[in-house]
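Residue strings, one per chain:
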Amino acid sequence: MISLTPLSPPLPLLTFFSTLLLTAFSSPVSLNITPETLNKSLDSVQIQWNGIDSPSNLDWLGIYCPPNSSDSDFIGYKFLSSSPNWKSGSGSLSLPLINLRSNYEFRIFRWSENEIDPKRVDHDHNPLPGTKHFLAKSAELGFLVMGPEQIHLSFTSKNDEMRVIFIMRDGFESFVNYGVEEGQLDQIVKTEVKRYERSDMCDSPANDSVGWRDPGFIHDGVMKNLKKGERYYYRVGSNAGGWSATHSFVSRDSDSDETIAFLFGDMGTSVPYATFIRTQEESISTVKWILRDIEALGNKPAFISHIGDISYARGFSWLWDAFFTQIEPLASKVPYHVCIGNHEYDWPSQPWKPSWAAYGTDGGGECGVPYSLKFNMPGNSSLPTGTGAPDTRNLYYSFDAGVVHFVYLSTETNFLIGSDQYNFLKHDLENVNRKKTPFVVVQGHRPMYTTSNEIRDTPLRQKMLEHLEPLLVKNKVTLALWGHVHRYERFCPVNNFTCGDMGMGLPVHIVIGMAGQDWQPIWEPRHDHSTDPIYPQPNWSMYRGGEFGYTRLIATREKLTLTYIGNHDGKAHDVVEIPSGLNLRGGKAFEFSWYVEGGSVLLLGAFLGYVLGFISRSRREAASRKNWIPVKNDET
């Protein structure tokens, strides 16, 4: 008798029937977007989902650009629990998006706590979501017009010119149309086009699939033969690639007896989703208040100075796009000037890396390339990267604006005696015409003075004091402005940690790195209480503030006024006045005034300001003088 053994169905057939059963007894997850085409950057898409069974607070939405990115190469993510009705298995989110010159796609994944990978974390050591359980994806989302965006102005080396840079998806021929009448842009210049490639990046994440995105083409045009102090209107683009809206600026006036500038460091950018690194939400307020100030100027020229740690992209290239989109309302109206910081440049094999310098990997593998090409500052300073990538540019330069001579330095490249940068600074300071520009403002990223607990840079600061401070003192620099420490701190007129009378012509050092980055080092702690700052602060530190914000500089031939504006209220928190020393009214050549609003500070002990030539008085003419006290201050 022959026995027959029943045959098992093949495995693929079992999988097929299992899938049919699952589909029959569960509703598929749907993911829809409205609209499927956006007009421009910062327009919002509405994202809706339905049908998630037993929703978890770790279910998440991935944001992908380009749409063929692998699941782990998202540009950002949002947990579905950020939607009010997420527990029902349905919900919606609205996201403003940046035009990255490629389509977007959205995907939903399920993620559970037992799948958390402790080795895969973001900048703040939060676990990055897993992609093992895919639930749904959307249709692709595109932009209607791929025209010029990220417009920003800057000075050139000539007083009658203005540079404008913008980004386009292609490198086709483009132009700048400009003129003094909005409806008659009868002057035209052609732009130069440049770009960088993934192979130009020197390390990850800038050169890997997570961080790299196509940066588009950088178009650079110079408007020439501008009349002094005139409002000009302009647009950029081409008939083939599209035109921008019409913008305007006020040209530089070399004969002006007034200078207006907005200065800060370490601002960064903000995005409406979580990503691999921390972004700077407070930068939104900084831009808002500066825009208020610019719009109140009328037809007065001004410019912005951002002294290092620009976008904090750190190798995640779409954050450069976010940054330039965020500043365009400012930078399309006034020139936007920068100097290099550690987060634009530092990488393990950078050409100049002495053992005493705390240069690390803060540039995220960019090695200064995006910074060097996306900006084009006056001068011709450059340094080879040593990798075959484009040279690092925009390192040190200077220009006059009204009655102030502004100097920009690089604290990331060689500044020691005998270096090209040192020789530039020495020659520049020794040849300033103080009758034309009675004030000199020097700026760089890492500070020469700080009472924060930034101990890693102590050897570098000692080198700056040894090599650079004598030049500042000898040439009677008015202000030395620094970033890197994410607080505001003003020092007395100082030389080698010793306060002096303003009549000695000593520079006033001020740290202004409080524009957006929210990682804050504590002030220098007590030796016996490591979490408490030294009390009172050292004699040379006159004012310390933890408030985010920026500074506003207004200078005339008579005096320079620097005001620290706080972001929480848009008001002055510290004001410094420095007379020019030109003795225009026949009085004392040097007096130094500083004042703070008593109601906005915590007073940390009385101080006889007049000993150092300080005069405390109210910034409000009608205010009672008894509300303004000469004290040392630490704002909390």
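Here is a short report on the structure shown in this document. Owing to the predicted nature of the structure, the values given are computational and were not obtained by experimental measurement.

Rules used in this analysis
Residues numbered from 1 in each chain as written. Predicted model: local features only at pLDDT ≥ 70, side-chain atom pairs only at ≥ 80, totals over all residues. Heavy atoms only, no water. Buried < 20%, exposed > 50% of the residue type's maximum accessible area, 1.4 Å probe, protein only. Helix = DSSP H or I, 4+ residues; strand = E, 2+ residues; numbered from the N terminus. Contact = heavy atoms within 4.5 Å. Lys, Arg positive; Asp, Glu negative; His and termini not counted. Salt bridge = Lys/Arg side-chain N within 4 Å of Asp/Glu carboxyl O. Polar contact = N/O pair within 3.5 Å; in protein donor to acceptor, adjacent residues only side chain to side chain. Pairing = 2+ DSSP bridges. Axes fitted to C-alpha atoms, helices over the stretch in contact; angles between N-to-C directions.

Some words on helix α7 (residues 458-467)
At step 1: For α7, every residue scored as buried is listed here: Leu 460, Arg 461, Met 464, Leu 465 and His 467.
At step 2: On its buried face, α7 sits against α6 (420-430), α8 (469-474) and β27 (479-482).

Looking at the side chain of Asp 200
At step 1: With respect to the element layout, Asp 200 can be found in the loop between β14 (192-194) and β15 (217-223).
At step 2: One buried charged residue, Asp 200, forms no salt bridge at all, with the nearest opposite charge on Arg 195 at 7.6 Å.
At step 3: A polar atom in the side chain of Asp 200 sits 2.9 Å from the backbone nitrogen of Glu 197.
At step 4: For Asp 200, the residues in contact, after removing those within four places along its chain, are Cys 367, Val 369, Ala 389 and Pro 390.

Remarks on the pattern of salt bridges
At step 1: Tallied over the entire structure, the rule returns 25 salt bridges.
At step 2: Between Asp 321 and Arg 101 there is a salt bridge, and its shortest N-O distance comes to 3.0 Å. Within this pair, whereas Asp 321 is found in helix α3 (residues 318-331), its partner Arg 101 is found in the loop between β6 (91-96) and β7 (105-110), the two being separated by 220 residues in sequence. Just as Asp 321 is buried, Arg 101 falls in that class too.
At step 3: As a salt-bridge pair, Glu 577 and Lys 559 come within 3.2 Å of each other at their nearest N and O atoms. With Glu 577 in strand β34 (residues 572-579) and Lys 559 in strand β33 (residues 559-566), the pair connects residues that are 18 residues apart, well separated along the chain.
At step 4: Classification of Lys 559 by relative accessible area gives partly exposed; the value is 29%.

A closer look at the pairing of strand β12 (residues 175-179)
At step 1: With respect to burial, β12 is a largely interior element, 4 of its 5 residues being buried.
At step 2: With 4 bridges joining them, β12 and strand β13 (residues 187-190) adopt antiparallel strand pairing. Across the sheet, residue Phe 175 finds its bridge partner in β13, namely Lys 190.
At step 3: For β12 and strand β16 (residues 231-238), the ladder comprises 5 bridges, and the chain directions are antiparallel. Residue pairing for β16: Asn 177 is matched across the bridge by Arg 235.

Regarding the environment of Asn 380
At step 1: Its place among the elements puts Asn 380 in the loop between α5 (369-374) and β22 (382-383).
At step 2: Taking the relative accessible area as the measure of exposure, Asn 380 reaches 66% and is therefore exposed.
At step 3: Here the alpha-carbon distance between Asn 380 and Ser 157, two residues 223 residues apart in the chain, equals 9.8 Å.

A short note on the sheet that holds strand β1 (residues 30-34)
At step 1: In spatial order, the strands read β1-β3-β6; together these 3 strands make up an open sheet with antiparallel pairing. Two strands bound the open sheet, and with one partner strand each, they are β1 and β6. Here the strands of the sheet are splayed against their neighbours by 20 degrees on average, with no regard to which way each runs.
At step 2: Taken together, the 5 bridges between β1 and strand β3 (residues 44-50) define a ladder with antiparallel strand orientation. The residue bridging Leu 31 from the neighbouring strand is Trp 49, located in β3.

Here's the deal with the side chain of Asp 574
At step 1: Inspection of the secondary structure assignment puts Asp 574 in strand β34.
At step 2: Reaching out from Asp 574, the side chain makes a polar contact with the side chain of Tyr 488 at a distance of 2.6 Å.
At step 3: A distance of 2.8 Å separates a polar atom in the side chain of Asp 574 from a polar atom in the side chain of Arg 490.

Re the sheet that holds β14
At step 1: The 4 strands are arranged β10-β11-β15-β14 in an open sheet whose pairing can be described as antiparallel. Two strands lie at the open edges of the sheet, namely β10 (149-154) and β14, each paired on one side alone. Each neighbouring strand pair of the sheet contributes to a mean axis angle of 20 degrees, computed without reference to strand direction.
At step 2: Of the strand pairs in this sheet, β14 and β15 are connected by 3 bridges, and their pairing is antiparallel.

Re unusual backbone geometry
At step 1: The omega torsion across Cys 65 and Pro 66 is 0 degrees, close enough to zero to call that bond cis.
At step 2: Looking at the secondary structure, you find Pro 66 in the loop between β4 (60-64) and β5 (76-79).
At step 3: Ser 204 connects to Pro 205 through a cis peptide bond whose omega is 5 degrees.
At step 4: By the secondary structure assignment, Pro 205 is in the loop between β14 and β15.
At step 5: Positive phi values are uncommon outside glycine, yet Ser 54 reaches one of about 50 degrees.
At step 6: By secondary structure assignment, the location of Ser 54 is in the loop between β3 and β4.
At step 7: Phi angles above zero are rare outside glycine, and Asn 496 is one such case at about 55 degrees.
At step 8: Positionally, Asn 496 belongs in the loop between β28 (488-495) and β29 (498-499).

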